[in-house]
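Spelled out, the chains give:
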Amino acid sequence: MEDSDLNLVKRVKNGDKEAFRILVERYQKKVFSIAYGMVHNREDAMDLTQDAFLKAYHNLEQFEGSSSFYTWLYRIAINVSIDMIRRSGKHVLVDYDDRLLRDTEHAEGGLMPSTLGVDPQRTYGRKELLEQIDRALADLSPIHKEAILLREVEGLSYQEMAEVMGVSKGTVMSRLHHARRNLQARLLTYVEQKDAP
Amino acid sequence: MKRHDCNKWEATIEAMMDGELTASERVQLEREIAQCDQCRARVDALQEMGALVRLHIQTAVDSVPFDSLWSRIEAGIETQAAELTDLQLQALADGELKGRTLIETTERLAASPSARRRLEAIAEMGDLVRSYDSAVVDSTDFNPLWQRLDRAVGDEIEARGGFRLAPTSQPEPRRIGWFDRILAAIGGYRSILLSAATAALVALILVPILNRGGDSHSQDPGSAPAITQGDGSWTNPQQLEIRVVHVNEVVSNPGHQVTVDSYDGYAPVIYIRSEEDRQEENGTVIPTMPGFYPDPI
């Protein structure tokens, strides 16, 4: 029977490094996914994955088990990723005020009916699609990337997202909605640019 | 028939796609959007975008080898284990480490002269801060604080019918007992909380004074009073009405004047007023009297 996360954490706290190896193998792809989604570079994402696990190991005494181990681990992964983004200076870490965005977005209408729907006859190759989604994701603010990744990739519930992001469920819903709108708007922009004669 | 509003259902559609609706809410939503092409298109758009993001991330995950990750992490653990970080040393100095971490950190500290030097620096900095803080506290004059508190109590007493001593030409204050005074105060207050706080403050001031009853000096209200001090006496030049005055200690306090008030004819309150407050006071100001400090609260 597979050891639970909490049991493995307990073993690590008692000095069992093998238990930490099991935790690494259980979550390495999840942590890499978050890191890659945040920084869009495989090598950087792998370094960040290593950093996140090292930080988790050295701070395990602070994990008290009141939340899930993976939500705690994801928070660390996001923090190290944001640190790297900050150091690189590629993004301005603006905490978007969703209330301000809401007004302008409602004026434009609701969520657009189709992600790539400007020309239904247009077909996209897999590589082209991935390039577009990569560019669109890269343009999002870190907090919107975080929301998209935790929901769409990690499949967390709103409550779990609230724990990771350190905000209320209402804020999670708001950020997720605006993140989706921004992502869709960027995808459409790229499609339109691509289709322009 | 009620008109369908797509925007109204937008957030609910997202919640449904995210698995956040109950079964009954989901049924209701599906019924609502069944007749709306735009809402159904939104559902498709959400599914499509989510799938694209997952495909993008999964492609990256599939393209990197994870075989070496554990060995890198293990090496990192050992490398970091060789040198204690400043945060770990700080936690050790602050007594925040427990269990296995405390044992490991202590062992690593024993093996690391540089870590011991850094720990000593952290501890030394703490000692310096504490000694500086202690010196500041020791050199601080808390008399102004006491004056403010004392004045506040006096104002409250006056506001509730108490009085400050006045020259004998002024009317004799009404003599009532403590119990009556307290009852009158409580009955007249708008705020019970303020009453309680005031009573507590008055008690804090008066009880120590009353407890020194053995040293008290009483005088008839109409006589020319004198305040007897431990190191001499001072005669009231303005013929103040003073019934009982207890003097704990005399503190030389240039720049301040002293007003002596009697409360209720039995329990004296000694006010110490700063010079700048002098003009604002209705009470009698005694110009040459050194400061009399009741016991600190």
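Calculation notes
- Residues numbered from 1 in each chain as written.
- Chains lettered and ligands numbered in written order.
- Predicted model: local features only at pLDDT ≥ 70, side-chain atom pairs only at ≥ 80, totals over all residues.
- Heavy atoms only, no water.
- Helix = DSSP H or I, 4+ residues; strand = E, 2+ residues; numbered from the N terminus.
- Buried < 20%, exposed > 50% of the residue type's maximum accessible area, 1.4 Å probe, protein only.
- Contact = heavy atoms within 4.5 Å.
- Areas by Shrake-Rupley, 256 points an atom, 1.4 Å probe, with all protein chains shown as cover.
- Phe/Tyr/Trp six-rings, centres within 6.5 Å; stacked < 30°, edge-to-face > 60°.
- Salt bridge = Lys/Arg side-chain N within 4 Å of Asp/Glu carboxyl O.
- Polar contact = N/O pair within 3.5 Å; in protein donor to acceptor, adjacent residues only side chain to side chain.
- pLDDT = per-residue confidence, 0-100.
- Core = buried A, V, L, I, M, F, W, Y, C linked by side-chain atoms within 4.5 Å.
- Axes fitted to C-alpha atoms, helices over the stretch in contact; angles between N-to-C directions.
- Left-handed = near helix turned anticlockwise from the far one by under 90°.
- Nonpolar A, V, L, I, M, F, W, Y, C, P; charged D, E, K, R; others polar.
- Patch = residues over 30% accessible without salt bridge, like charges linked within 9 Å, V, L, I, M, F, W, Y side chains within 5 Å.
- Parallel < 35°, antiparallel > 145°, perpendicular 65-115°, else oblique.

I'd like to hear about the overall build of chain A, residue by residue, with values.
Helix and strand counts for chain A stand at nine helices and zero strands. Start at the N end of chain A and walk to the C end: the helices and strands fall as α-α-α-α-α-α-α-α-α. By the burial criterion, 49% of the 197 residues in chain A qualify as buried. Long-range pairs, those at least 24 residues apart, make up 68% of the contacts in chain A with a sequence separation of at least 6. Carbon together with sulfur atoms contributes 47% to the accessible area of chain A, which is approximately 9300 Å² in total.

Please provide a residue-by-residue account of the overall build of chain B, values included.
Scanning chain B for helices and strands turns up 10 helices and eight strands. Across chain B, every contact between residues at least 6 apart in sequence was considered, and the portion connecting residues at least 24 apart equals 64%. Summing over all exposed atoms, chain B offers an accessible surface of approximately 17000 Å²; the carbon and sulfur share of this is 55%.

Before we move on, could you go through the packing of aromatic side chains and cite the residues and values that matter?
According to the stated counting rule, one finds 11 aromatic pairs over all chains in the structure shown. Seen in terms of ring centroids, Phe32 of chain A and Phe66 of chain B are 5.5 Å apart; in terms of plane orientation they differ by 85°. Their pairing is edge-to-face. Residue Phe32 of chain A is located in helix H2 (residues 17–39), and its partner Phe66 of chain B is located in the loop between helix H3 (37–63) and helix H4 (69–82); the two belong to separate chains. Neither residue differs from the other here; Phe32 of chain A and Phe66 of chain B are each classed as buried. Centre to centre, the rings of Phe63 of chain A and Trp72 of chain A are 5.1 Å apart; their planes meet at 40°, and the pair counts as tilted.

Any chance you could break down the interface of chain B and chain A for me, citing the residues and the numbers?
The interface is formed by 39 residues belonging to chain B together with 50 residues belonging to chain A. Our count for the chain B to chain A interface comes out at six salt bridges. The salt bridge partner of Arg151 of chain A is Asp18 of chain B, with a shortest N-O separation of 3.0 Å. Here chain B and chain A share 15 residue pairs in polar contact (both at pLDDT 80 or more) between them. Counting residues per element, the ones that place at least two in the side of chain B that touches chain A are helix H1 (6–17), H3, H4 and helix H6 (99–110) of chain B. Considering every element that reaches the side of chain B that touches chain A, the biggest residue donor is H3 of chain B, with 17 residues.

Give a description of the confidence of the model for chain B that names residues and reports values.
Residues and elements named next belong to chain B. Of all residues in chain B, 51% attain a pLDDT of 70 or more, and the chain-wide mean is 65. Mean pLDDT across the secondary structure elements of chain B bottoms out at strand E4 (residues 244–245), with 31, and peaks at H3, with 90. With pLDDT under 50 throughout, residues 165–174 is counted as low confidence; its partners more than four residues away or in other chains account for 20 contacts.

Lay out the nonpolar core in plain terms, naming residues and giving numbers.
Of all hydrophobic cores here, the largest spans 72 residues; its most connected members are Phe20, Phe32, Phe69, Leu150, Met161 and Leu183 of chain A together with Ile73 of chain B. Ranked by the residues each element gives to this core, the list is headed by H2 of chain A, at 12 residues. When neighbours within four sequence positions are excluded, Leu150 of chain A is seen to be in contact with Ile34, Tyr74, Ile78, Gly155, Leu156, Met161, Val164 and Met165 of chain A. With 10 residues, the next largest nonpolar core counts Ile13, Ile33, Cys39 and Val43 of chain B among its residues.

How would you explain the side chain of Ser81 of chain A if you had to name every residue and give the values?
Looking at the element boundaries, Ser81 of chain A is found in helix H4 (residues 69–88). In contact with Ser81 of chain A, other than residues within four places in its own chain, are Ala35, Met38, Val39 and Leu48 of chain A.

Before we move on, can you summarise the confidence of the model for chain A with the specific residues and values?
Mean pLDDT over chain A stands at 82; residues scoring 70 or higher make up 77%. Overall, residues 92–113 of chain A carries pLDDT values under 50, and its contacts beyond four positions in sequence, including any with other chains, amount to 43 contacts.

Got a sec to walk through unusual backbone geometry? Specific residues and values, please.
Its identity as a non-glycine residue notwithstanding, His40 of chain A has a phi of 60°, on the positive side. Residue class for His40 of chain A comes out buried when judged on its relative accessible area of 17%.

Lay out the packing of H2 of chain A against H4 of chain A with the relevant residues and their values.
Residues and elements named next belong to chain A. Contact geometry of H2 with H4 gives a least axis separation of 9 Å together with a crossing angle of 35°. Relative to H4, the crossing made by H2 is right-handed. On H4, the residues touching Leu23, Tyr27, Lys30, Val31, Ile34, Ala35, Met38 and Val39 of H2 are Phe69, Tyr70, Leu73, Tyr74, Ala77, Ile78, Ser81, Ile82, Met84 and Ile85. Class assignment of the residues belonging to the contact of H2 with H4 gives a composition of 16 nonpolar, one polar and one charged.

Residues and numbers for a nonpolar patch on the surface, please.
On the surface, a cluster of nonpolar side chains totalling about 330 Å² of accessible area is made up of Val137, Phe142, Leu145 and Leu149 of chain B. Turning to its location among the elements, Val137 of chain B is positioned in helix H7 (residues 113–139).

Account for the packing of helix H1 (residues 5–13) of chain A against H2 of chain A, with residues named and values stated.
Residues and elements named next belong to chain A. Two numbers describe how H1 lies on H2: the axes approach to 8 Å, and their chain directions differ by 140°. The orientation of H1 relative to H2 falls into the category oblique. For the crossing formed where H1 meets H2, the hand is left-handed. Touching Asp5, Leu8, Val9, Arg11 and Val12 of H1 are Ala19, Phe20, Ile22, Leu23, Arg26 and Tyr27, all from H2. The class makeup of the residues in the contact of H1 with H2 is eight nonpolar, no polar and three charged.

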